[in-house]
Amino acid sequence: MKLITSAQNPFIKQLVQLQEKAKARKQSGTFLVEGQREIMLAKKGGYEIKTVLFVPDMLTETEAKRLAGKQAELIEINREVYQKLAYRDSTEGIIAIAKNKELSLSELKLGENPLILVAEAIEKPGNIGALLRTADAAKLDAVIIANPKSDMYNPNIIRSSVGCLFTNQIATGTTNEVIAFLKSNNINIYCATLQDSDYYHTQNYTTPTALVVGTEATGLSEEWRIASTKNIIIPMQGEIDSMNVSVAAAILIFEAKRQRGF
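Nothing here was measured: the structure is a model prediction, and the numbers come from that model. (Residues numbered from 1 in each chain as written. Predicted model: local features only at pLDDT ≥ 70, side-chain atom pairs only at ≥ 80, totals over all residues. Heavy atoms only, no water.)

S.K.: Which parts of the structure should I look at to understand the overall build of the protein chain?
M.R.: On a plain count of helices and strands, the protein chain comes out with ten helices and twelve strands. For 262 residues, the compact-globule estimate of 2.2 N^0.38 gives 18 Å, and the C-alpha radius of gyration of the protein chain, at 20 Å, lies within 12% of that figure. With the C-alpha coordinates aligned to their principal axes, the bounding extent of the protein chain is approximately 60 × 40 × 30 Å. Taking all 262 residues of the protein chain together, 48% fall into the buried category. Contacts in the protein chain between residues far apart in sequence, at least 24 positions, make up 77% of those at least 6 positions apart. Only carbon and sulfur atoms are counted for the fraction: they give 47% of the accessible area of the protein chain, which is about 13000 Å². Counting 30 positive and 29 negative side-chain charges, the protein chain places the centres of these two groups 5 Å from one another. (Helix = DSSP H or I, 4+ residues; strand = E, 2+ residues; numbered from the N terminus. Rg over C-alpha atoms; globule rule 2.2 N^0.38 Å. Buried < 20%, exposed > 50% of the residue type's maximum accessible area, 1.4 Å probe, protein only. Contact = heavy atoms within 4.5 Å. Areas by Shrake-Rupley, 256 points an atom, 1.4 Å probe, with all protein chains shown as cover. Lys, Arg positive; Asp, Glu negative; His and termini not counted. Charge placed at Lys NZ, Arg CZ, Asp CG, Glu CD.)

Structure below.
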C-alpha cells in the first residue's frame, strides 16, 4: 500500500487544487469526498470511487477498505497530509477521489408523474446544499439547476448538503434548455415570483410539476415568468417581500407533497 507523509507531495498538491478550484475539478473530471457517510452515499448514488486516502490512527485499514470497495486504490496518509486536504471541521480521517457525473438533462430518468425542483442562478453553495437536503427529505424525482453559478462538486455544496448531492437526481442546463426540457416532457411549470402571481396553496400540483425558485435578490428571469403554467407567491405578512430560497422551496415542495398524499 502506498504511503504519503508529506503535504508537499505533488499528488497531494493536485488534490488541494481539486478542493479549491472548479477548473481543476472540470479538467480532471474528479472531485474530493470527505467523510464516511458522504463516501457511502456517493457509492450508493452510482459515483465511481477511484482512490481513498485514510489516516490509520483515525480509521482502521479494514474500515477504509470497506468504504473504498474492491476497485479503488487505497493510500495511507498521516495527520499533517489529512489536515492539508480536509475541508470540514470534523475529523473522520478519510477522503475519497470520485469521478464526476455529466449531470445532463438527457440523463434524468423520470416517472409518469414527476415532482421536480428547479433553482435558477443560485450563487451561494450553502443555499444549494440546503435545497438538496430538502429535496432528499421530500424524495423529489429530480433537482435541476438552471444557469448554475457554482459547479456542483464544490466542497461547500457537498458539506452543506450532508451528502444529499449524491442522493438526488441532479441535472444542470441553461434556463432555455431547462424550459425546453420541461415543456417537451409535458411538465407544468409553477414559478415563485412576485409578478402576476396567485397564492401557492390555490394551485394543483398533483400532475407532473416543476416548482421553480430564483435568487432572493433578483428573483426569476423573465423567461421563466413567460414560460410558466402559473406564477405563484407565498403570502408574506411582515415588512420584507422575500425569504431564504431554501425555506421558500421547502414550503412549496411540502404543499405539493401534501396534495399528493406524501
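Text resumes after the structure shown.
S.K.: Which parts of the structure should I look at to understand the packing of aromatic side chains?
M.R.: Two numbers describe a pair of aromatic rings. These are the distance of the centres and the angle of the planes. Under the definition given, this model contains six aromatic pairs. On the basis of an interplanar angle of 25 degrees and a centroid distance of 6.1 Å, the ring pair of Phe31 and Phe166 is categorised as stacked. In this pair, Phe31 is assigned in strand β2 (residues 30-34) and Phe166 in the loop between α7 (155-160) and β8 (170-173), connecting sequence segments 135 residues apart. With a relative accessible area of 0%, Phe31 lands in the buried category. Here the aromatic rings of Tyr47 and Tyr153 are separated by 6.1 Å at their centres, their planes lie at 80 degrees, and the arrangement is edge-to-face. Here Tyr153 lies in the loop between β7 (142-146) and α7 and Tyr47 lies in the loop between α3 (36-44) and β3 (49-54), a separation of 106 residues in the sequence. In this structure Tyr47 comes out as buried when scored by relative accessible area, which is 7%. (Phe/Tyr/Trp six-rings, centres within 6.5 Å; stacked < 30°, edge-to-face > 60°.)

S.K.: What should I look at first to understand the nonpolar core in this one?
M.R.: Soluble, globular proteins show a tendency: their nonpolar side chains are buried together. Counting residues in hydrophobic clusters, the biggest one holds 51 residues, and the most contacted among them are Phe31, Leu132, Met152, Leu165, Phe166 and Leu211. Non-local contacts of Leu211, meaning those with residues more than four positions away in its chain, are made with Leu115, Ile116, Leu117, Val118, Tyr190, Tyr205, Leu252, Ile253 and Ala256. One finds Ile144, Ala146, Leu182 and Cys191 within the second-largest nonpolar core, a separate group that totals 20 residues. (Core = buried A, V, L, I, M, F, W, Y, C linked by side-chain atoms within 4.5 Å.)

S.K.: Before we go on, may I ask you to explain the packing of helix α6 (residues 125-138) against helix α10 (residues 245-259) in this structure?
M.R.: Two packed helices can be described by the angle between their axes and the distance between those axes. Between α6 and α10, the shortest axis-to-axis distance is 9 Å and the interhelical angle comes to 15 degrees. One finds that α6 runs roughly parallel with respect to α10. Like other packed secondary-structure pairs, α6 and α10 cross with a definite hand, here right-handed. Taking contact as the criterion, the partners of Asn127, Ala130, Leu131, Thr134, Ala137 and Ala138 in α6 are, on α10, Val245, Ser246, Ala249, Ala250, Ile253, Phe254 and Lys257. Class assignment for the residues of the contact of α6 with α10 results in nine nonpolar, three polar and one charged. (Axes fitted to C-alpha atoms, helices over the stretch in contact; angles between N-to-C directions. Parallel < 35°, antiparallel > 145°, perpendicular 65-115°, else oblique. Left-handed = near helix turned anticlockwise from the far one by under 90°. Nonpolar A, V, L, I, M, F, W, Y, C, P; charged D, E, K, R; others polar.)

S.K.: For this particular structure, what's the right way to read the pairing of β2?
M.R.: For a regular strand, the rule is simple: side chains alternate between the two faces of the sheet. Of all the five residues making up β2, five are buried; the element is thus mostly covered by neighbouring parts of the structure. Residues Thr30, Leu32 and Glu34 of β2 are buried on one face, and the alternating residues Phe31 and Val33, pointing to the opposite face, are buried as well.

S.K.: What is the right way to read the sheet that holds strand β5 (residues 94-99) from this model?
M.R.: Sheets are built from strands paired through backbone hydrogen bonds, the pairs being either parallel or antiparallel. Across the sheet, five strands lie side by side as β1-β4-β3-β5-β2; this open sheet has mixed pairing. Lying at the two open borders of the sheet, with one neighbouring strand each, are β1 (2-4) and β2. Averaged over all pairs of adjacent strands, the angle between strand axes in this sheet comes to 25 degrees, irrespective of strand direction. Here five bridges tie β2 to β5, and the two strands are oriented antiparallel to one another. Opposite Phe31, over in β5, you have Ala98 as the bridge partner. The strands touched by α3 are β2, β3 and β5; relative to β5, the strand with the most contacts, the crossing angle is about 25 degrees. (Pairing = 2+ DSSP bridges.)

S.K.: What's the story with the pairing of β7 in this structure? I'm lost.
M.R.: Most of β7 sits out of view: five of its five residues are buried. Side chains Ala142, Ile144 and Ala146 of β7 all project onto a buried face; the interleaved residues Val143 and Ile145 project onto the opposite face, where all are buried too. Sheet topology note: the strand β6 (residues 115-120)/β7 ladder contains five bridges and is parallel. Pairing of Ile116 across the sheet is with Ala142, part of β7. For the crossover from β6 across α6 to β7, the handedness is right-handed. In this structure, β7 lies alongside β8, joined through four bridges in parallel fashion. By the bridge assignment, Ile145 is partnered in β8 with Thr172. For the crossover from β7 across α7 to β8, the handedness is right-handed. (Right-handed = clockwise from strand over helix to strand, strands pointing away.)

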